[in-house]
Amino acid sequence: MLVYQIKIEYLGTNFVGWQRQKNGLSVQEVLETVLSDFFKRKIILIGSGRTDAGVHATEQSAHFKINKKILNKNHTINSLNFFLKKYPISILDIKKRNKTFHARHSAKERTYKYFIINRPASLAIEMNKAWHIKKKINIASMKKGANLLLGTHDFSTFRASSCNAKSPIKTLKKISIKKNKNKIVLTFVSKSFLQQQVRSMVGSLKRLGEGNWDFEHFRKVFYSKKRSMCASPAPSHGLYLTKINY
């Protein structure tokens, strides 16, 4: 059996998430259907990780096994994207990998970006693609809070109650917050994340930025390890999976 990695871009607005589910259409289900029809055999796709309903990806990674060699990569990508054209999903690349490659377990770093539009006017072009916050945000306050989250910590405060990770201990390798005019981009890099961890961190950092929390309260919330202390998670539509490094 040959192992192939695919890189995928998708707009998650109308999907129940990456993972195949009974309660609606998922990105995985669409891709598996198209791949199976194209290769004329059942294809099971393994993603690098789940993204929740409404979350987008500019470079999700997945792999599948097949006993047929792909001879013309460009033709294959173009053909698959033709059958995907009624969905906001695009296959960016296909690459043959060694037999030990696993889209999830082989990943060394995952990068997520969260987009905020900070202005009074409602969103038109970026509706469902960024979190619209009308109240002016203090970036310096958010950066101070973000620095506290860097490194290895118990992130129980930012862990969804339904999270099935074995441990709440994670290492955040990088957090950056940049503002250009009214657009704020938060970048998070780690080997792996807890369920809703990024959205929960963004929701709490937003409290800091708006002045609803001061730094000492943010610190108290983080070190409490209590989910009940966390701010409401940021909306899913501002979150993007942007890179998986192997």
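Refer to the structure above for everything that follows.
Residues numbered from 1 in each chain as written. Predicted model: local features only at pLDDT ≥ 70, side-chain atom pairs only at ≥ 80, totals over all residues. Heavy atoms only, no water.

Undergrad: Any details on the state of the cysteines? Residues and values, ideally.
TA: Taken as a whole and assessed by the stated rule, the structure comprises zero disulfides. Among the cysteines around Cys163, which has no disulfide bond, Cys230 carries the closest sulfur, lying 13 Å off. With relative accessibility at 13%, the residue Cys163 sits in the buried group. (Disulfide = S-S within 2.5 Å. Buried < 20%, exposed > 50% of the residue type's maximum accessible area, 1.4 Å probe, protein only.)

Undergrad: I'd like to hear about the pattern of salt bridges, residue by residue, with values.
TA: Enumeration over the complete set of coordinates arrives at nine salt bridges. With a closest N to O distance of 3.4 Å, Lys243 and Glu59 form a salt bridge. With Lys243 in strand β10 (residues 239-245) and Glu59 in strand β3 (residues 56-66), the pair connects residues that are 184 residues apart, well separated along the chain. Residue Glu59 is classed as buried on the basis of its relative accessible area, which comes to 16%. Measuring nitrogen to oxygen at the nearest pair gives 3.6 Å for the salt bridge that ties Glu109 to Lys173. Highlighted residues: Glu109 in strand β5 (residues 109-118) and Lys173 in strand β8 (residues 169-180), separated in sequence by 64 residues. In this structure, a network of salt bridges that share partners links the residues Lys7, Glu59 and Lys243. (Salt bridge = Lys/Arg side-chain N within 4 Å of Asp/Glu carboxyl O. Helix = DSSP H or I, 4+ residues; strand = E, 2+ residues; numbered from the N terminus.)

Undergrad: Can you break down the layout of surface pockets residue by residue, with the values?
TA: A volume near 1,100 Å³ is recorded for the largest pocket. Around the largest pocket sit 39 residues that line it, and Ser48, Gly49, Arg50, Arg104 and Phe193 are the ones nearest its centre. Contributions of two or more residues to the lining of the largest pocket are made by β2 (46-47), β5, α4 (197-210) and β10. Per-element tally for the lining of the largest pocket: the top contributor is α4, with three residues. A breakdown of the residues in the lining of the largest pocket according to their chemical character gives 15 nonpolar, 16 polar and eight charged. (1 Å grid on protein atoms, 1.4 Å probe; cavity = no way out; pocket = protein on both sides within 12 Å on 5 of 7 lines; lining within 4 Å. Points joined across faces, edges and corners; volume = space filled by probe spheres on them. Nonpolar A, V, L, I, M, F, W, Y, C, P; charged D, E, K, R; others polar.)

Undergrad: Explain helix α3 (residues 139-149) to me, and be specific about the residues and the numbers.
TA: Taken together, the buried positions of α3 are occupied by Ile139, Met142, Gly145, Ala146, Leu148 and Leu149. Considering only its buried residues, α3 is in contact with β7 (151-154), β8, β9 (183-190), α4 and α5 (215-224). Looking at where α3 begins, the residue whose side-chain oxygen comes 3.0 Å from the main-chain nitrogen of Ala140 is Asn138. Note on α3: the residue one or two positions beyond its end, Gly151, has a positive phi of about 100 degrees. (Contact = heavy atoms within 4.5 Å. Polar contact = N/O pair within 3.5 Å; in protein donor to acceptor, adjacent residues only side chain to side chain.)

Undergrad: Talk me through unusual backbone geometry; I want residue IDs and the actual numbers.
TA: For Asn128, which is not a glycine, the phi torsion comes out positive at approximately 65 degrees. With respect to the helices, strands and loops of the structure, Asn128 is situated in the loop between β5 and β6 (131-133). Of the residues examined, Asn128 reaches a relative accessible area of 35% and is grouped as partly exposed. A positive phi angle, close to 60 degrees, is found at Lys181, a residue other than glycine.

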